[in-house]
Amino acid sequence: MAKVKKPKGEMSFLDHLEELRWVLVRCSAAVVTMGIVSYFFADYIFTDLIFGPTDPSFITYRFFCDASHYLGFADSICITELNFIIQNTEMEGQVNIFVWICITSGFILAFPYILWEFWKFISPALYEKERKGAKVFIFVASILFFLGVLFGYYVIVPMTVNFLATFSISSVVKNQFSIDSYVSMVKTAVIASGLYFELPIIIYFLTKLGLVGPAFLRKYRKYGIVIILIIAAIVTPPDVVSQITVALPMWFIYEASIWISAVVEKNKKKDEQASRGV
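Residues numbered from 1 in each chain as written. Predicted model: local features only at pLDDT ≥ 70, side-chain atom pairs only at ≥ 80, totals over all residues. Heavy atoms only, no water.

J.: In this structure, what is going on with a nonpolar patch on the surface? I would like to understand it.
T.: Taken together, the side chains of Ile59, Val136, Phe139, Val140, Ile143, Leu147, Leu150 and Tyr154 make up a nonpolar region of the molecular surface, amounting to roughly 710 Å² of accessible area. With seven residues, helix 6 (residues 134-166) is the largest single contributor of residues to the nonpolar patch. Relative to the assigned elements, valine 136 resides in helix 6. (Patch = residues over 30% accessible without salt bridge, like charges linked within 9 Å, V, L, I, M, F, W, Y side chains within 5 Å. Areas by Shrake-Rupley, 256 points an atom, 1.4 Å probe, with all protein chains shown as cover. Salt bridge = Lys/Arg side-chain N within 4 Å of Asp/Glu carboxyl O. Helix = DSSP H or I, 4+ residues; strand = E, 2+ residues; numbered from the N terminus.)

Okay, structure coming up:
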């Protein structure tokens, strides 16, 4: 006898878990599929993308050098040499890095599909007018994620590479970074930045659920700014221009989250008043 599928509104807790399991299976399959696609572009991904920030002629370094000349700053912002080497110290090191970069690339490329799967999973709990906004949600959330990835790659990664490559506690110590350490830094910066740019989306849903509100975000704004400045100071060279370049977009994302939370809370109050006939 064929199994009759229950409507999602009548699903039990175990049914929801089963549905979530299949969501995760499909998302994993999408990541693996896009990872296989990435395999065919491995030379470009590694040579031009992963190791691009190790070249002094990288676009970010040239931009800051040109900007420093335009603003009349000293040539100290210009980068002419990155004095370090990247080495492999483990037998299976390069194989592991190759696999994980393909998986990471697969996750980035499959991110819109992952969003779509999770949207379908939570959509039964939303109002009809909210479900109609699926395409807008997927589009906006994907754009924010990809903007974050680009910000991480073109801003945070090269600044981190420049800072760590030039930092030295003594002339006796030579910088020889392991490939695992370098690639891990690149992956972390890119993925973390992409997910941070999803903050407005996360705040939207948390406000919908009543877990946070604009008052809460404004109350802890000063702590958020301090954390952003600390992050900017850690990943950038000790110059104001670089720190502002990293800190400003992050602060803008936080402020945008406060605005979105305020709009959501205002609409919720209007809906509650309308339902009470006020």
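J.: How do you make sense of the environment of tyrosine 61 when you look at a structure like this?
T.: Secondary-structure assignment places tyrosine 61 in helix 3 (residues 59-71). Between the alpha carbons of tyrosine 61 and methionine 159 there is a distance of 8.5 Å; along the sequence they are 98 residues apart. Sequence-distant contacts of tyrosine 61, defined by excluding residues within four places in its chain, comprise Pro53, Asp55, Pro56, Ile79, Leu82, Pro158, Val161 and Asn162. For tyrosine 61, the side chain forms a polar contact with the main-chain oxygen of proline 158, separated by 3.1 Å. (Contact = heavy atoms within 4.5 Å. Polar contact = N/O pair within 3.5 Å; in protein donor to acceptor, adjacent residues only side chain to side chain.)

J.: So what exactly am I meant to see when it comes to the confidence of the model for the protein chain here?
T.: Note that predicted coordinates carrying low pLDDT should not be read in detail. Overall, the predicted model of the protein chain reaches an average pLDDT of 82, with 83% of residues at or above 70. Here helix 5 (residues 128-131) is the element of the protein chain with the lowest mean pLDDT, 65, and helix 2 (residues 42-50) is the one with the highest, 93. Here residues 1-8 scores under 50 on pLDDT; set against residues more than four positions off or in separate chains, the count is six contacts. (pLDDT = per-residue confidence, 0-100.)

J.: Honestly, the packing of aromatic side chains in this entry has me stumped. Any pointers?
T.: Aromatic ring pairs: the centre-centre distance and the angle between the two ring planes describe each pair. For the structure shown, the criterion picks out 21 aromatic pairs. Between the aromatic rings of phenylalanine 51 and tyrosine 182, the centroid separation amounts to 5.6 Å while the plane-to-plane angle is 10 degrees, which identifies the pairing as stacked. A residue pair is termed long-range when its members are at least 10 positions apart, and phenylalanine 51 in the loop between helix 2 and helix 3 and tyrosine 182 in helix 7 (residues 179-196) qualify at 131 residues. Through successive ring pairs, a cluster of aromatic residues spans Tyr39, Phe40, Phe46 and Phe98. Positioned above the aromatic ring of tryptophan 22 is the side chain of arginine 21, whose terminal nitrogen or guanidinium carbon lies 5.0 Å from the ring centre. (Phe/Tyr/Trp six-rings, centres within 6.5 Å; stacked < 30°, edge-to-face > 60°. Lys NZ or Arg CZ within 6 Å of the ring centre and 35° of its normal.)

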